[in-house]
Amino acid sequence: MNKLIFRTSVLASATLAAFTLSSCHDSDNAMMTDMAFQRTITFENVVTPKDFVQSGSFQGTETPVIMPGQSVSIKFSAGKTQALMFATMYGASKDWFFASQQPGIKLFDSNGNAITGDVSSSVRLWDNGSKDDTTGQVESKPIIQVPNLDASQLMKLNLSYNDVSSEFTLTITNKSDETAHTTPFSPGVWAVSNYNGSQLLNSAPFFTPNALSNPEITDIAQMGNISKMMTKLNANTGIMTGLSPALVVVYRGDKNPIYELGKSDSGMGLKDIAQFGNVTKLQNTLKSLSNVKGVYVAGNAPVAPGSKITANFKAEPGDKIAYATMFGFSNDWFYANEQNIDANTKGDLSSKTSLFDSGTGIDQYPGAGNHQALFGGTPQSENVIISKVGTQYPVPAVQNVIKVTIN
């Protein structure tokens with residue numbers, strides 16, 4: 001009888017305990033559900049567009065002046081639609097200068113193939129209109145092409161091209177000694193205009209034909225002095241970029257499901273974001289992972305400077321958030337959070353964001369590489385570990401390109 005009472009008591013206690021535990025578990029689930037929250041994440045492109053992606057100067061090898069018979073070379077990067085503008089003084093004149101036609105020397109043909117070899121036909125000789133050609137007296141006339149003098153007889157231009165780096169070399173040769181118009185060339189300037197995906201930011205660099213000149217070109221045309229132009233170019237040259245739609249994932253655990261620094265790309269779809277800004281593959285892959293609680297996409301088109309995109313996401317206490325968006329004017333770069341971020345965080349996350357190289361495509365100069373998606377290209381394949389982008393190119397600081405906030 002006592003045994004029966006003991007067994008009945010134990011069974012009753014066990015049942016009560018199980019019921020109590022079950023009730024607590026259900027209560028915890030209900031509490032977690034009650035504590036669920038919604039946030040809005042915003043990605044803003046804050047880069048300042050500059051007219052030129054690259055610029056620089058050139059001069060003779062022995063003296064700053066490029067004498068007859070001497071040559072000088074310029075190295076620069078460019079993609080389809082971009083062109084090279086340069087300017088240098090016709091030394092034996094009052095105010096003449098050499099420059100290519102607008103927007104510059106054509107670098108690719110209609111099929112996207114690099115133009116190489118002799119491109120001397122691209123050079124023109126211009127009268128700045130600021131001095132009388134005979135007396136040297138000051139005048140104010142529009143810039144016009146010098147008549148009856150073929151600039152290509154005085155200056156030879158030759159282009160070579162490296163397809164891997166999308167880098168050109170322009171060699172300028174002073175061959176005026178072969179003519180009756182022997183002249184030195186002054187130190188010169190050059191620039192490649194930025195391209196925003198639809199047009200050049202400056203389609204008439206340095207000067208406008210048939211209009212009055214400016215102080216920068218006037219100094220070159222009259223004195224061969226490039227100081228003012230270099231100051232202007234330095235202030236108006238810089239890498240810019242668009243951003244792709246951003247992928248946002250809510251997850252549990254300590255491992256960022258989008259990427260792992262120091263490891264090769266996993267093939268889940270990060271490559272598609274880093275090379276082409278396409279989030280679809282990674283979005284679908286992440287949805288199948290057990291530790292992923294939600295996948296969201298902000299935006300549906302490239303994000304130009306001055307524009308922003310947003311996404312709303314749901315999370316619970318203990319969840320974390322990760323994100324990625326393409327550095328659009330690159331071969332395979334992406335912005336992502338470097339540190340783990342609590343999904344309940346609010347405020348500016350830009351300091352937690354870094355620029356990464358996915359290691360899946362060979363790099364070229366940002367915004368000037370013919371294998372970049374910006375120019376309709378496909379990066380040449382490579383397979384190296386995911387790493388932070390270094391200092392090989394003068395890329396603006398993260399906070400000067402992208403601002404990430406949660407509210």
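Residues numbered from 1 in each chain as written. Predicted model: local features only at pLDDT ≥ 70, side-chain atom pairs only at ≥ 80, totals over all residues. Heavy atoms only, no water.

## Structural notes on the nonpolar core
- In this structure, Ile-41, Phe-43, Phe-76, Phe-86, Phe-98 and Leu-170 are the most contacted members of the largest nonpolar core, which totals 69 residues.
- Per-element tally for this core: the top contributor is strand S15 (residues 308-315), with four residues.
- Every residue in contact with Phe-86, bar those within four places of it in the chain, is listed here: Phe-58, Phe-98, Ala-99, Ser-100, Ile-105, Val-123, Met-155, Leu-157, Ile-172, Val-189, Trp-190 and Phe-206.
- With 21 residues, the next largest nonpolar core counts Ile-258, Tyr-259, Ala-322 and Phe-356 among its residues. (Core = buried A, V, L, I, M, F, W, Y, C linked by side-chain atoms within 4.5 Å. Buried < 20%, exposed > 50% of the residue type's maximum accessible area, 1.4 Å probe, protein only. Helix = DSSP H or I, 4+ residues; strand = E, 2+ residues; numbered from the N terminus. Contact = heavy atoms within 4.5 Å.)

## Quick look at the pattern of salt bridges
- If you walk through the whole model with that rule in mind, you get 10 salt bridges.
- Put simply, Lys-228 and Asp-219 hold a salt bridge, and the shortest N to O gap is 3.7 Å.
- Ionic pairing is found between Asp-319 and Arg-252, a salt bridge with its closest N-O pair at 2.4 Å. In this pair, Asp-319 sits in the loop between S15 and strand S16 (320-326) while Arg-252 sits in the loop between strand S13 (246-251) and helix H4 (270-276), placing the two residues 67 residues apart along the sequence.
- Under the relative-accessibility criterion, Asp-319 is labelled buried at 1%.
- Residue classification places Arg-252 among the partly exposed positions, given a relative accessible area of 32%.
- Each of Arg-252, Lys-293, Glu-316 and Asp-319 takes part in salt bridges that share partners, so that together they form one network. (Salt bridge = Lys/Arg side-chain N within 4 Å of Asp/Glu carboxyl O.)

## Here's the deal with the confidence of the model for the chain
- For the chain, per-residue confidence averages 92 on the pLDDT scale, and residues scoring 70 or more make up 92% of the total.
- Across residues 1-32 the pLDDT falls below 50, and counting only partners more than four positions away or on other chains, this stretch makes three contacts in the model. (pLDDT = per-residue confidence, 0-100.)

## A few points about helix H3 (residues 227-235)
- For H3, the full list of buried residues reads Met-229, Met-230 and Leu-233. Take H3 and look down its axis: the buried residues cluster within an arc of 100°, on one side only.
- Contact partners of the buried residues in H3: strand S2 (52-58), strand S12 (188-193) and helix H2 (215-223). (Arc of directions from axis to C-beta.)

## Considering the packing of aromatic side chains
- In this structure the tally under the stated criterion is 21 aromatic pairs.
- Judged by centre distance (5.5 Å) and plane angle (20°), the ring pair of Tyr-195 and Phe-375 falls under stacked. Of the two residues, Tyr-195 is situated in the loop between S12 and H2 and Phe-375 in the loop between strand S20 (353-357) and strand S21 (387-388); the sequence distance between them amounts to 180 residues. Phe-375 matches Tyr-195 in its accessibility class, with the two residues each being buried.
- A connected cluster of aromatic rings, assembled from ring pairs, spans Phe-76, Phe-108, Tyr-161, Phe-168 and Trp-190. (Phe/Tyr/Trp six-rings, centres within 6.5 Å; stacked < 30°, edge-to-face > 60°.)

## Focus: the side chain of Thr-325
- With respect to the helices, strands and loops of the structure, Thr-325 is situated in strand S16.
- You can call Thr-325 buried: its relative accessible area is 1%.
- A polar contact of 2.7 Å, which involves the side chain of Thr-325, links it to the backbone oxygen of Ser-244.
- Sequence-distant contacts of Thr-325, that is, excluding residues within four places in its chain, are made with Leu-243, Ser-244, Pro-245, Ala-246, Ile-273, Phe-334, Tyr-335 and Ile-402. (Polar contact = N/O pair within 3.5 Å; in protein donor to acceptor, adjacent residues only side chain to side chain.)

## Looking at unusual backbone geometry
- Residue Gln-102 is joined to Pro-103 through a cis peptide bond whose omega torsion reads 0°.
- You can see Pro-103 is positioned in the loop between strand S5 (96-100) and strand S6 (105-106).
- Residues other than glycine seldom take positive phi values, yet Asn-148 does so here, at roughly 60°.
- Assignment of secondary structure puts Asn-148 in the loop between strand S9 (144-145) and strand S10 (155-162).
- The phi dihedral of Asn-210 falls on the positive side, at around 65°, and the residue is not glycine.
- Relative to the assigned elements, Asn-210 resides in the loop between S12 and H2.

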